[in-house]
Protein chains: 2
Amino acid sequence: MQRQIDLELNKLRAVIMAMGQSVELAVEEATQGLIERKSERLKKVREHEDKINAFHLEVDEMCLKIIASQSPLAADLRMILAIIKINSDLERMGDQAMNISLNVRDYLEKTALQEASAIANMSHTVRKMVRDAMDAFIKGDVALSEQVLLQDDVVDEAKRSTFKNLVEVMKQNPNFVEGAVDLMLVSRNLERLGDHATNIAEDVIFASTGKDIRHGGFDPSSHR
Amino acid sequence: MQRQIDLELNKLRAVIMAMGQSVELAVEEATQGLIERKSERLKKVREHEDKINAFHLEVDEMCLKIIASQSPLAADLRMILAIIKINSDLERMGDQAMNISLNVRDYLEKTALQEASAIANMSHTVRKMVRDAMDAFIKGDVALSEQVLLQDDVVDEAKRSTFKNLVEVMKQNPNFVEGAVDLMLVSRNLERLGDHATNIAEDVIFASTGKDIRHGGFDPSSHR
């Protein structure tokens, strides 16, 4: 027999998955706006962001109700706590996508820089991290969560090298300073999106295993 | 007669307050390191950050235990949910302070720029926001929370004007590009610290009144 709390948790999971998809789409629109130099795409980011904010309030409300009405214990309670955190990460990811779209809007008024292509690659990896983290969440897949943690290193490295290149661009031509600053902010926001996807992956591991791997509990050397 | 849950919640509040103080001190050390050009102060940031991370795990654990053992309802449950969120904000604020200390470490290897003084002012306002948000939390003071929301506008404006000045610095002298990028990142991190203090203030309002003012629920025009 299905428990009432399982029904409620399944509803909650469905909302979180929809929210994760909106985040992925928001990031896609924001960075495609940059790559295709189409400011129309940036308007879509705001639409996704509005949806994400509505999901955010809905999920918190659902969690409160489940805790109050079902008095969840052990694994259920861990799952709800994880969802509260994932909800807050996804909401902030929506903010990051909005920040990117504002930076891109500024950037599109300036001379195009070749470094925009590095941003396209970063965006690709970050969206994969988001998709994998949400997939790991719905399947309770710890191995996939660990993959997300490893991908984050790729994003961090991409951001470092993008910054380095952009500093050179700025030194060589003062006219490119403003556009380069915009791209720096985009790559910084993408890095943060990756960090949030990492947080989600850590919460999935916590919800699935009860193991808190935050603050140094994950040892990448023990994984391939 | 005192309820068991009140004892537990008081313990939890005490830990959160200690955590908030560590955050404030971490931000202070990181920015004073910049202003006094003393890298020794940056080492203290790491010490505070370690404490903050330990508090973070402790608070989550305490919340889980209280929910499981006390089945809190209504206002108590709202308070615990708010604490879970505040805990996560404070942890991220510790990360921001660490980011600032890394940016400052880089900056100290370069020519000093006059814009560092704007950073000192921003840091002052942000630390006041943190202190006020934590004060508002412990007192359940909604009016003080609203003050924090208003201070955030000051920080956002300070960041905008710092960015503008630093772009000019970079355009005028390519030798200053790297130092200016470091200061941009510091001011961006301070802005984010302000955003997190704002989140805390919003959670205090939610815990105290049950009113969710996130995503457009706060109308600053109705306040002085």
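About the thresholds
Residues numbered from 1 in each chain as written. Chains lettered and ligands numbered in written order. Predicted model: local features only at pLDDT ≥ 70, side-chain atom pairs only at ≥ 80, totals over all residues. Helix = DSSP H or I, 4+ residues; strand = E, 2+ residues; numbered from the N terminus. Buried ≥ 20, exposed ≤ 12 C-beta atoms within 10 Å, placed from the backbone. Contact = placed C-beta atoms within 7 Å. Least-squares fit on C-alpha atoms with pLDDT ≥ 70 in both. Core = buried A, V, L, I, M, F, W, Y, C linked by C-beta atoms within 7 Å. pLDDT = per-residue confidence, 0-100. Axes fitted to C-alpha atoms, helices over the stretch in contact; angles between N-to-C directions. Parallel < 35°, antiparallel > 145°, perpendicular 65-115°, else oblique. Left-handed = near helix turned anticlockwise from the far one by under 90°. Nonpolar A, V, L, I, M, F, W, Y, C, P; charged D, E, K, R; others polar. Expected span 1.5 Å × (residues − 1).

Engineer: Can you explain the overall build of chain A? Please cite residues and give values.
Structural biologist: A count of helical and extended segments in chain A gives six helices and zero strands. Ordered by position in the sequence, the α and β elements of chain A form the string α-α-α-α-α-α. Principal-axis analysis of the C-alpha atoms gives chain A an extent of 65 × 40 × 20 Å. For chain A, buried positions account for 47% of its 224 residues. Considering only contacts in chain A between residues 6 or more positions apart, those separated by 24 or more positions represent 80%.

Engineer: Go over the interface of chain A and chain B with me, naming the residues and quoting the values.
Structural biologist: In this complex, chain A contributes 21 residues to the contact, which on the side of chain B involves 21 residues. Elements that contribute at least two residues to the side of chain A that touches chain B include exactly helix H2 (40-70), helix H3 (74-107), helix H5 (142-172) and helix H6 (177-209) of chain A.

Engineer: With reference to specific residues and values, describe the environment of Asn-10 of chain B.
Structural biologist: In this fold, Asn-10 of chain B is placed in helix H1 (residues 4-35). Separated by 204 residues in sequence, Asn-10 of chain B and Arg-214 of chain B place their C-alpha atoms 26 Å apart.

Engineer: Residue-level account of the relation of the copies chain A and chain B, with values.
Structural biologist: It takes a turn of 180 degrees to lay chain A on chain B, together with a shift of 0.0 Å along the axis; the resulting RMSD is 0.0 Å. Such values leave the two copies arranged in the relation of a two-fold axis. Every residue of chain A has its C-alpha some distance from the rotation axis, and the shortest such distance is that of Ser-71 of chain A, at 3.0 Å. Comparing contact sets, 100% of the residues at the interface of chain A also lie at the interface in chain B, consistent with an isologous, same-surface contact.

Engineer: Explain the nonpolar core to me, using residue names and the numbers behind them.
Structural biologist: Judged by nonpolar contacts, the single largest core of 123 residues is most densely connected at Ile-83 and Ala-133 of chain A together with Ile-83 and Ala-133 of chain B. When residues no more than four places from it in sequence are discounted, the contact partners of Ile-83 of chain B are Leu-12, Ile-16, Val-59 and Cys-63 of chain B.

Engineer: Account for the environment of Ala-116 of chain A, with residues named and values stated.
Structural biologist: All names here are of chain A. Inspection of the secondary structure puts Ala-116 in helix H4 (residues 116-139). Each C-alpha atom, one on Ala-116 and one on Thr-31, is 9.4 Å from the other, the two residues being 85 residues apart in sequence. The contacts of Ala-116, once residues within four sequence positions are left out, are Leu-34, Ile-35 and Leu-183.

Engineer: I'd like a description of the confidence of the model for chain A, backed by residues and values.
Structural biologist: Note that predicted coordinates carrying low pLDDT should not be read in detail. Chain-level statistics for chain A give a pLDDT mean of 93 and a share of 96% at 70 or above. In the predicted complex, the global pTM is 0.89; the interface-specific ipTM is 0.83.

Engineer: An account of the packing of H4 of chain A against H6 of chain A is requested, with residue identities and associated values reported.
Structural biologist: Residue and element names in this part refer to chain A. The interhelical angle for the contact between H4 and H6, taken along N-to-C directions, is 15 degrees, at an axis separation of 9 Å. The angle between H4 and H6 places the two elements in the roughly parallel class. Crossing of H4 against H6: the hand is left-handed. Together, Ala-116, Ile-119, Met-122, Ser-123, Val-126, Met-129, Val-130, Ala-133, Ala-136 and Phe-137 of H4 and Leu-183, Val-186, Ser-187, Leu-190, Leu-193, Gly-194, Ala-197, Ile-200, Ala-201 and Val-204 of H6 make up the contact between the two elements. Each residue belonging to the contact of H4 with H6 can be placed in one class, and the counts come to 17 nonpolar, three polar and no charged.

Engineer: Which residues make up helix H6 (residues 177-209) of chain B, and what values do they have?
Structural biologist: Residue and element names in this part refer to chain B. With 33 residues, H6 should reach 48 Å at 1.5 Å per residue; the first-to-last C-alpha distance of 48 Å fits that figure. The buried count for H6 comes to 30 of 33 residues, which makes it a mostly enclosed element. A positive backbone phi angle near 75 degrees is found at Gly-210, which sits one or two residues after H6.

Engineer: Give a description of the packing of H2 of chain A against H3 of chain A that names residues and reports values.
Structural biologist: Two quantities define a packed helix pair, namely the angle between the helix axes and the distance between the axes. All names here are of chain A. It is the contact of H2 with H3, at a shortest axis distance of 9 Å, that shows an interaxial angle of 165 degrees. In terms of orientation, H2 and H3 fall into the roughly antiparallel class. Viewed along their axes, H2 and H3 form a crossing whose handedness is left-handed. Between H2 and H3, the residues in contact are Leu-42, Val-45, His-48, Glu-49, Ile-52, Asn-53, His-56, Val-59, Asp-60, Cys-63, Ile-66 and Ile-67 and Ile-80, Ile-83, Ile-84, Asn-87, Leu-90, Glu-91, Gly-94, Ala-97, Met-98, Ser-101, Val-104 and Arg-105, respectively.

Engineer: Give a description of H2 of chain A that names residues and reports values.
Structural biologist: In this model, H2 of chain A (31 residues) spans 45 Å end to end at C-alpha, consistent with the 45 Å of a helix rising 1.5 Å per residue. Listing the buried residues of H2 of chain A in full gives Leu-42, Val-45, His-48, Glu-49, Ile-52, Phe-55, His-56, Val-59, Asp-60, Cys-63, Ile-66 and Ile-67 of chain A. Contacts from the buried residues of H2 of chain A go to helix H1 (4-35) and H3 of chain A together with helix H2 (40-70) and helix H3 (74-107) of chain B. Positive backbone phi, approximately 40 degrees, marks Ser-71 of chain A, located one or two places after H2 of chain A.

Engineer: How would you explain unusual backbone geometry if you had to name every residue and give the values?
Structural biologist: Residue and element names in this part refer to chain A. Positive phi, normally seen in glycine, also occurs at Arg-37, with a value near 50 degrees. Tracing the backbone shows Arg-37 in the loop between H1 and H2. Given 13 C-beta atoms within 10 Å, Arg-37 falls into the partly exposed group. Located in the positive-phi region is Ser-71, a residue other than glycine, with phi close to 40 degrees.

Engineer: A description of the environment of Tyr-107 of chain B should follow, citing residues and the corresponding values.
Structural biologist: All names here are of chain B. Here Tyr-107 shows up in helix H3. C-alpha separation for the pair Tyr-107 and Gly-179, spaced 72 residues apart in sequence, amounts to 5.4 Å. What Tyr-107 contacts, discounting residues up to four positions off in sequence, is Leu-34, Gly-179, Asp-182 and Leu-183.

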